[in-house]
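As a plain string of letters, each chain reads:
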Amino acid sequence: AGPVIGLITKTDSNPFFVKMKEGAEAEARKLGATVISGSGKTDGDNAGQITAIENMIAAGAKTILITPSDARAIIPAIKKAQGQGVMVIALDSPTDPATAVDAVFATDNYKAGQLIGQYAKAALGGKNPVIATMDLLPGHPVGAQRHNGFLRGYGLQSLDAKNNDLAKPAEVVCMADSFGDAAKSQTAMENCLQKNPGINLVYTINEPAAAGAYKALKAAGKEKDVVIVSVDGGCAGIRDVGAGVITATSQQYPLKMASMGVAAGVEYAKSGKKVSGYTDTGVTLIAAKAMPGVDSKDVKTGTDLCWGKK
Amino acid sequence: MSAQPQIVMQAKGLIKRYGQVTALDGADFELRAGEILAVIGDNGAGKSSLIKCLSGATIPDQGEIFLDGKPIHFKSPIDARHSGIETVYQDLAVAPAMTISENLFLGRELRRPGFLGKFLRVLDKKKMLEESISRMQELKVGIRSMTQAVETLSGGQRQCVAVARAAAFAQHVVIMDEPTAALGVKEGNMVLELIRRVRDKGLPVVLISHNMPHVFEVADRIHIARLGKRAAVVNPKHISMSDTVAVMTGAKSADDLPEAAHA
Amino acid sequence: MSAQPQIVMQAKGLIKRYGQVTALDGADFELRAGEILAVIGDNGAGKSSLIKCLSGATIPDQGEIFLDGKPIHFKSPIDARHSGIETVYQDLAVAPAMTISENLFLGRELRRPGFLGKFLRVLDKKKMLEESISRMQELKVGIRSMTQAVETLSGGQRQCVAVARAAAFAQHVVIMDEPTAALGVKEGNMVLELIRRVRDKGLPVVLISHNMPHVFEVADRIHIARLGKRAAVVNPKHISMSDTVAVMTGAKSADDLPEAAHA
Amino acid sequence: MNTHSFKLPPLATLGPFIALLLACFFFATQSDRFLSAQNFSLILQQVMVVGVIAIGQTLIILTAGIDLSCGMVMALGGIVMTKFAADFGLPAPLAVACGIAVTTLFGLLNGLLVTRIKLPPFIVTLGTLNIAFAITQLYSQSRTVTDIPDSMTFLGNTLRFGNTSIAYGVALMLGLYLVTWAWLRETASGRHIYAVGNSPEATRLTGIPTDRVLLGVYVLAGLLYGIASLLSVARTGAGDPNAGQTENLDAITAVVLGGTSLFGGRGVVLGTLVGALIVGVFRNGLTLMGVSSIYQILVTGILVILAVATDQMSRKGVR
Amino acid sequence: MNTHSFKLPPLATLGPFIALLLACFFFATQSDRFLSAQNFSLILQQVMVVGVIAIGQTLIILTAGIDLSCGMVMALGGIVMTKFAADFGLPAPLAVACGIAVTTLFGLLNGLLVTRIKLPPFIVTLGTLNIAFAITQLYSQSRTVTDIPDSMTFLGNTLRFGNTSIAYGVALMLGLYLVTWAWLRETASGRHIYAVGNSPEATRLTGIPTDRVLLGVYVLAGLLYGIASLLSVARTGAGDPNAGQTENLDAITAVVLGGTSLFGGRGVVLGTLVGALIVGVFRNGLTLMGVSSIYQILVTGILVILAVATDQMSRKGVR
Ligand SMILES: Nc1ncnc2c1ncn2[C@@H]1O[C@H](COP(=O)(O)OP(=O)(O)OP(=O)(O)O)[C@@H](O)[C@H]1O
Ligand SMILES: Nc1ncnc2c1ncn2[C@@H]1O[C@H](COP(=O)(O)OP(=O)(O)OP(=O)(O)O)[C@@H](O)[C@H]1O
Ligand SMILES: [Mg+2]
Ligand SMILES: [Mg+2]
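Parameters and conventions
Residues numbered from 1 in each chain as written. Chains lettered and ligands numbered in written order. Predicted model: local features only at pLDDT ≥ 70, side-chain atom pairs only at ≥ 80, totals over all residues. Heavy atoms only, no water. UniProt positions renumbered as here; feature names shortened; annotations may be inferred. Domains from an automatic or database assignment. Buried area = accessible area lost by both parts, 1.4 Å probe. Salt bridge = Lys/Arg side-chain N within 4 Å of Asp/Glu carboxyl O. Polar contact = N/O pair within 3.5 Å; in protein donor to acceptor, adjacent residues only side chain to side chain. Helix = DSSP H or I, 4+ residues; strand = E, 2+ residues; numbered from the N terminus. Nonpolar A, V, L, I, M, F, W, Y, C, P; charged D, E, K, R; others polar. Pairing = 2+ DSSP bridges. Axes fitted to C-alpha atoms, helices over the stretch in contact; angles between N-to-C directions. Contact = heavy atoms within 4.5 Å.

- Identification of chain D as ABC transporter permease from Polaromonas jejuensis is taken from an unreviewed UniProt entry.
- The UniProt entry for chain D carries the following comment under Subcellular location (unreviewed entry): "Cell membrane".

- Per an unreviewed UniProt entry, chain B goes by ATP-binding cassette domain-containing protein and derives from Polaromonas jejuensis.

1. A word on the domain arrangement of chain B
All names here are of chain B.
So, step 1. As far as domains go, chain B holds domain 1 (7–93 + 156–261) and domain 2 (98–148).
So, step 2. One C-alpha centre belongs to domain 1, the other to domain 2; they are set 28 Å apart.
So, step 3. Of the roughly 1400 Å² buried where domain 1 meets domain 2, counting both sides, 65% is carbon and sulfur surface.
So, step 4. Here domain 1 is connected to domain 2 by one salt bridge.
So, step 5. Across the pair glutamate 86 and arginine 108 runs a salt bridge, and its minimum N-O distance is 2.4 Å.
So, step 6. Across the domain 1-domain 2 interface, the total number found is two residue pairs in polar contact (both at pLDDT 80 or more).
So, step 7. Listed by contribution, the elements that provide at least two residues to the side of domain 1 that touches domain 2 are helix H6 (155–169) and helix H7 (185–200).
So, step 8. A per-class count over the side of domain 1 that touches domain 2 returns eight nonpolar, one polar and five charged.

2. Notes on the sheet that holds strand E5 (residues 103–106) of chain A
All names here are of chain A.
So, step 1. Read across the sheet, six strands follow the order E2-E1-E3-E4-E5-E11 without closing on themselves; strand pairing throughout is parallel. Looking along the sheet, the strands with just one partner apiece sit at the ends: strand E2 (34–39) and strand E11 (277–280). For this sheet the average axis-to-axis angle between neighbouring strands, irrespective of direction, equals 20°.
So, step 2. Of the pairings in the sheet, the one linking strand E4 (residues 87–92) to E5 comprises four bridges and is parallel in character. Among the inter-strand pairings, aspartate 92 is bridged to a residue of E5, identified as alanine 106.

3. With respect to the UniProt feature "transmembrane region" (unreviewed entry) in chain D
Residues and elements named next belong to chain D.
So, step 1. Under the UniProt annotation, "transmembrane region" (unreviewed entry) lies at residues 47–80, 92–113, 119–140, 161–184, 213–234, 255–282 and 288–309.
So, step 2. The straight-line gap between the two end C-alpha atoms of residues 119–140 is 30 Å; of that span, 91% is helix and 0% is strand.
So, step 3. As annotated, residues 288–309 comprises 82% helix and 0% strand, and the C-alpha atoms at either end are separated by 26 Å.

4. Quick word on the interface of chain D and chain B
So, step 1. Of the residues lining the interface, 21 residues belong to chain D; the matching set on chain B comes to 23 residues.
So, step 2. A combined buried area of about 1900 Å² lies between chain D and chain B, and 61% of that area is made up of carbon and sulfur atoms.
So, step 3. Interface area lost by chain D to chain B is led by Glu186(D), Leu205(D) and Thr206(D), which between them contribute 31%.
So, step 4. On the surface where chain D and chain B come into contact, there are three salt bridges.
So, step 5. The closest approach of N and O atoms between Lys125(B) and Glu186(D), which form a salt bridge, is 3.6 Å.

5. Side note on the environment of Ser134(B)
All names here are of chain B.
So, step 1. The topology assignment puts serine 134 in helix H5 (residues 125–138).
So, step 2. Distance from serine 134 to histidine 210, taken between C-alpha atoms, is 29 Å for residues 76 residues apart in sequence.
So, step 3. A polar contact of 3.0 Å, which involves the side chain of serine 134, links it to the backbone oxygen of glutamate 131.

Quick look at the structure:
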């Protein structure tokens, strides 16, 4: 059989990671390799990822692709794996420090946030922003990067990319954790609207959360007056951009990360040559309506590039 | 008691084992129409095990049971109930958090007349309450409220609830495992009276008891259980209490009894 | 019984309410040194409630309790135990999943001699087993194995476990709430015998029972409870069983008894 | 442990109800936006899914069981009904029926394992929780199903009375509570559920087919989870494979806050509604106060304990 | 419900043990990498944290309680010990002691709420679960603590015997199991835990201070969670604020798979070790077989039920 490549995602159930897995499997089939996959039980389950690393090495994997749940806590386990001659590549988000792994194929979540921040500012066109944020969950680095990037992009007071706290400038009137889940986001948005009916800009951690927030806004009859921005760029999300549910989203490329990772793993098995360094798989702003001064692509482009069911 | 009345319930060679313990070791049993049959025996003689087999609460490992001459195979107490057999278990089969009236009618609730009861199956709580009060008054138990949870009753009062239930609903056979054990003198006599009344209605009663005066007061025949078997069946009118106890404890063999003592 | 022996335990004006029910309504109580005091009364007369107060299982709402003349305030059964009072409760205070020997020594386990026992506090299971066997043999209960879980015993056998425990460990007073209720004739007599033996060791015994023959057989004095109060204390040598029952059920007033009947 | 011995049934729901009133009073003083008909209509919509799940959970807890699988089964039902409608173009009522059939089957599976093989409900539903989750993810490929017929989300629409509005789904939930309450109270089969939970052995000995009662309860709970699936689809307008992940603890919390004993046999289903509302009111009120979510978790933790403690105390006082 | 009536204590752990052996046998036929000393050493390391938590959980379940807060309390302990060492420069043993003190305090809190206010353990620990989680997040500001002294991760190191290696932490876990087992079996205080779980009222009436026994159990469980914190820090080499989120269900699964009754009073702590190993063996074996993680969840769900069912059957056979 061909080389064994381990893929460890944060969870099993997030469509982003499911897509990543599919991308890896497709590439592996092409190159005659085997992908075994594992994950933590919940987002943030570091111990589960460590166990997965160990079991994959035991199963004979020479390359491990991982989307670290905890950028720092996972490093000792990675070091141990590398000590056994395993190449470790971080996908989606880098470790901290990024040099702890052999290579990083990632997307810049802070930048993804900045892009929708810039777009939102243009879309609001000089109106005073009254912002609600539907964040991920307490203490999650991706949640913090997107949130803080969004505020920075808008030009509001914010924190830098390394910070794990959520900035809360005065313009943000309501912050709630959506856990990236539509139903929870809907409830949170309803409560935010109760608190402040004047909300005109909603930042959401991902597209399901955006759909939930939209549902709440629609029920309150406010969906037309509010700008909703999001991150991910899954096909369902892009469709929502086309349908006017989401005003703009930052698109990322999980399939690309995964196939690059698998290719690197096959190469390593063949030639013993490791990849190294940071590769940004890129992020593209997708919006139905282009705004002057902001570089965005239209829905059609987004659909061509998107991951998931077209 | 002459001219052999009809046999209502009969068991042959019942065997019941719990792990290494043999509770029943080939026990026989015979209950005749319209009689009060007392079952006596030492602790652990297998009395409760015997009647649990008869009432479907446990399934014997071996042996046959006949009701009105027909072999029966009770799989559960429901089957026994459907055959009109009512049982008061030694370990008080009541639901402590439920009220007295609910316990009395548990599994046999009355429904409202008309549409409500027939189609919506609504309970007739008022009627059940009234009937509970009259049933319990028959036993002369001074319980204030029938809507009281059973767990708030004294030991004897709880016992009365179980006895009243069995007496009220039996159609065919009543089995009582030590119904008077926790009862006061007055209440104990009420239960004996009730047992007689049930017999007089024509229903045979199986009464397990350790109280020899009680047994000799009401029993028509006495089944003596010993070491998981039936040691003898005696006639209380022709045997003394001390002889009975002697057979029960094994001090005397059943064969040593005079012919007349047997029943 | 003449010349008023010392009073070991005394209670005055105990009141205990459960919600709307008044279980004890100003009950008095007096236990003398070296006597067997029977407590009788109808179901719900408050016998169990009374002895629960005496043994710390419940705390009375009002009233005082004295032990050897000193007022005591038991907060829990532990306090009573520390004072050497052992109780057999009506609802069988045994842990069903544990073995007979464990139940006998529950809360009073024996430890191994030497280092193991002293510092590692290791139990001496062998010794406890041996002692259990001898205690239970005293009661002549035919139980095969002391390492059997209590839940596998018959009702009477369980009762014996509780009685044996109390008799073995009491230092000051033994209280038994219907210890013979579930027992067979032989076992019942064994327990009466045991009660006498305990008394002869010098410990006073409080015996609650509905079994009048038993009461009249062993009691030195009889405390008659009625409606949460003490109706009378009588001397079984100078009163008939039927008079006693009459007082108990309220058919006769205590004042109508002859002087000699009181004790 | 058995501290419920002398609970008076009519008072049992009073404790939680007082807790709910206190909470409302508190939030009314903290935010002037709290006390409005519209806000309450919102809270009701937010609790409707977990509220219906909690009815099933109450039934199971009354039998001294517990159901950890409820949320995941609900999610599976939602995926089945939306995918059947979206992929196979089944008419909405038929697709919904299929979804409910699947959740009911899961209830049947739980019930069979509990009654036939006598496994503890905790472990059975821990197993089916994982099974339902995996099937949901595999069948949906972890994708949200969005293109569903409008008729399927009908229950999410609201009916206006003046400036108040009530969602049809909320009306359905309230109706289900009333029917269940009356059923448990006024019919023999309802009382048998209490009896089975209170003393299974005694109930069996009185001739009630306890296994059939238990099985019925699990199947009925499955059916209710199916209705909750429909409500969830109606509320979010989508079939969400990631729904239901925290609903089991939420539903159990509602049941316990509502005064039902985890040891079975004691409780009132209307208390569960109050319990669900307490959770909803806290989440809403704290957001209105601007409390950040991490503090919300802290406050919720403390308040769960306080609410049950108050309830316990008030009962002691009643004795 | 009470189907355990005739369980013979020495046989109780046999069922789970057979299930474990069957699982091992199965995986050995499926993957040639499974049956190696090194792989078993790995599995032991993977279960050591949940294994130690499960000891505390077993004690609590033996008293007919349950602890949902265990994992979160463990995470808090890990954060406290690592932050105290990293931020205040406390020497490792002192920092560890502080962390264990915090988890023990949480145990005390649980115990006080259960014994003094007589709240059901389920709801108490549901509350403290949220409280511990919130404190962990707030105190750590949701940041992983990485710069910790080597001496704190000492227990994660392994000792080699030929080509086998055993982690010190694993040795500690095995030691704790043996000590707990002997204690529960051979001392009065151990037996009292069984008695309290089996029949709290009877135990109280024999004069055993049941509340003190219960309180002791919760405190001891807290202490064990503190040791688990240390093991978790040693294993991951970091103080992780997101640790412990699923450990409660994992630990309960281990306890139940190990044959301990959720109704209290019956069980053997060594069975819990077997239960934890079953879970670990499955996770490892399925990964070696290359089963993808979503199918692993499905298989785990089915197998949890199968394992307990086998256990139940084997007990019936023994009767
Ligand atoms: N469930 C059980 N498991 C194990 N052994 C049992 C069980 N039930 C009864 N036994 C044993 O079977 C024997 C007979 O018990 P049974 O309860 O029938 O006696 P009994 O005659 O009713 O005694 P008692 O007068 O004390 O009620 C006893 O030795 C008892 O220990
Ligand atoms: N825990 C309780 N809750 C409510 N009422 C109670 C409680 N315990 C006892 N009672 C009531 O108090 C009264 C006295 O009960 P108690 O158990 O003392 O009677 P008793 O004399 O021991 O009767 P028995 O001979 O039947 O055992 C009864 O009416 C009973 O219903
Ligand atoms: Mg019996
Ligand atoms: Mg009494």
